[in-house]
Amino acid sequence: MLMRREALTGNQAVAMAVMYSDVKFVAAYPITPQTSIVEKISYFVEKGLMKAKFVNVESEHSALAMTYGAALGGVRSFTATSSQGLLYMHEWVHWASRSRVPLVMAVVTRTIGPPWNIWPDHSDYMDQRDAGWIMLFAMDAQEAFDMTVQAFRISEDERVFLPVMVGLEGFIVGGTTMSVALPDEESVKEWVGERRQPFVFDGSSNITLGNLASPEDTYILHRNIHEDLLKSIEVVKEIEKDYSETFGLPYIGPVETVGEKESSYAVISMGAWSGDLAEAIKQLGRNDVSLYRIRVYRPFPCKELRQALSRKNGIVVFDRSISFGSFGPLYMDVKACLDSEYTNVVNVIGGLGGVDHSLGEYVSMLRKIFGEMDREEKLEKQIWMEVSR
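Residues numbered from 1 in each chain as written. Predicted model: local features only at pLDDT ≥ 70, side-chain atom pairs only at ≥ 80, totals over all residues. Heavy atoms only, no water.

**Student:** Quick question: what am I supposed to make of the packing of aromatic side chains here?
**Tutor:** Think of a pair of aromatic rings as described by two things: how far the centres are apart, and how the planes are tilted against each other in angle. With the rule as written, the count across this model stands at 18 aromatic pairs. Between Tyr125 and Tyr297, the aromatic rings sit 6.4 Å apart at their centres with planes inclined by 45°, giving tilted as the arrangement. Here Tyr125, found in helix H6 (residues 123-126), pairs with Tyr297, found in strand S12 (residues 296-298); they are 172 residues apart in sequence, far enough to count as distant. Taken as a pair, Tyr125 and Tyr297 share a single burial class, namely buried. Between Phe318 and Tyr362, the ring centres sit 6.2 Å apart and the planes meet at 70°, which makes this aromatic pair edge-to-face. Note that Phe318 is positioned in strand S13 (residues 314-319) and Tyr362 in helix H13 (residues 359-374), a separation of 44 residues in sequence. Judged on exposure class, the residue Phe318 and its partner Tyr362 are both buried. Three or more aromatic residues joined by ring pairs make a cluster, and in this case those are Tyr125, Phe137, Tyr297 and Phe300. One cation-aromatic arrangement involves Arg153 over Trp191; the distance from NZ or CZ to the ring centre is 4.2 Å. If you follow Arg298 out to its NZ or CZ, it ends over the ring of Tyr297, 4.4 Å from the centre. (Phe/Tyr/Trp six-rings, centres within 6.5 Å; stacked < 30°, edge-to-face > 60°. Helix = DSSP H or I, 4+ residues; strand = E, 2+ residues; numbered from the N terminus. Buried < 20%, exposed > 50% of the residue type's maximum accessible area, 1.4 Å probe, protein only. Lys NZ or Arg CZ within 6 Å of the ring centre and 35° of its normal.)

**Student:** Quick question: what am I supposed to make of the pattern of salt bridges here?
**Tutor:** Oppositely charged side chains can form a pair if their charged atoms are brought close together. Counting across every chain of the model gives 23 salt bridges. Between Glu240 and Arg295 there is a salt bridge whose closest N-O contact spans 3.4 Å. You can see Glu240 sitting in helix H9 (residues 215-247) and its partner Arg295 sitting in the loop between strand S11 (289-294) and S12, a full 55 residues away along the chain. In this structure, Glu240 and Arg295 share a single accessibility class: buried. Glu256 is the partner of Arg293 in a salt bridge, and the nearest nitrogen-oxygen pair spans 2.8 Å. Note that Arg293 is positioned in strand S11 and Glu256 in strand S9 (residues 255-258), a separation of 37 residues in sequence. (Salt bridge = Lys/Arg side-chain N within 4 Å of Asp/Glu carboxyl O.)

**Student:** Just to check I follow, could you spell out the sheet that holds strand S2 (residues 25-28) for this structure?
**Tutor:** Sheet strands line up and pair through hydrogen bonds in the backbone, either parallel or antiparallel. Taken in spatial order, the seven strands line up as S3-S2-S4-S5-S7-S6-S12 in an open sheet, and their pairing is mixed. The two strands at the open ends of the sheet, each matched to only one other strand, are strand S3 (53-56) and S12. Pairwise comparison of adjacent strand axes, ignoring direction, gives a mean angle of 20° for this sheet. As paired strands, strand S6 (residues 134-137) and S12 are joined by two bridges and run antiparallel to one another. Of the residues in S12, the one forming a bridge with Leu136 is Val296. (Pairing = 2+ DSSP bridges. Axes fitted to C-alpha atoms, helices over the stretch in contact; angles between N-to-C directions.)

**Student:** Is there a simple way to think about the packing of helix H3 (residues 60-72) against helix H5 (residues 90-98) in this case?
**Tutor:** Helix packing for two helices is described by the angle between their axes and how far apart those axes are. Where H3 contacts H5, the axes come no closer than 8 Å and their chain directions differ by 15°. One element, H3, and the other, H5, form an angle in the roughly parallel class. Of the two possible hands of crossing, H3 and H5 adopt the one that is left-handed. Here His61, Leu64, Ala65 and Tyr68 of H3 come into contact with H5, specifically with Glu91, Trp92, Val93, Trp95 and Ala96. Each residue belonging to the contact of H3 with H5 can be placed in one class, and the counts come to seven nonpolar, one polar and one charged. (Parallel < 35°, antiparallel > 145°, perpendicular 65-115°, else oblique. Left-handed = near helix turned anticlockwise from the far one by under 90°. Contact = heavy atoms within 4.5 Å. Nonpolar A, V, L, I, M, F, W, Y, C, P; charged D, E, K, R; others polar.)

Dropping the structure here:
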């Protein structure tokens, strides 16, 4: 298919994807660094380019509550947020998944305060990892567009019927202009298709939601969410393959491999700093190290990772958030997927609060860790990158 290219920020790419996906309801409350998504959508609606209801609400809590209500009413719905705004709407994050309501939300990541800080890490996004959403994470503006379009198909698939969260780093991706290949708008609308959902609150049937349930019924509902979320990895892969074939784009999958698949060592990361790590691996001058970038965080791609990491001598997991008093969330998920014989697994913490580590710092860190692994020295399980002032 013939594609046209536009220079778009990650946030603009998300807004374009929302318009192209024929979304009919958007609730918005501004918060840095997400604001330009809903600003762009409001422009589309004001100019008649997008036929949707756009509602300015008084808080992030109301933004997701209204998006949830509109989705319950039978329309394709979207919202976006960051940081403290995501924490404020956290109650409704759980309502959406536990009600099995298909909707999509973009999270333009920003560190959680205090201290007050507008710069990106993954702490706000990772804080939602137990909430029952499908969670995708984009590396650049192209993926922000593609993942957002795919998110509506995934969320509304009858095998799923769960909300989808699309993550992208504030400023680094959300505010940086890049070249994005855009399909024809009508072709995207046709590909996404008509709205699909398990039930509609329109007064035509006797449906109730959210009232008191027995412990046993609650247990079964929660187990069903977990089991369907695990199975949804196949739906995510199927829909990405269909999108790639329809629009002539490469299929990547839940985990992207950069380097030789049969390498001795692995670096695992998620998000934009994966590009820095890929370059750092090149500068190491060794061909026995590969990068594995997580693109689908929930459901966590255990099967794909186990296959990719088979017979690796050492693994380094980079986390841009921390579970205080423990390890980084990505590291804990990776460790949970691996068999007990994988003992050389190191967690590197960096980038918190928006700290920008240099390429040289990544190279030095990797050289140190892989050197210790080569010499079979005792490894620190967690290493924090230094801050250069």
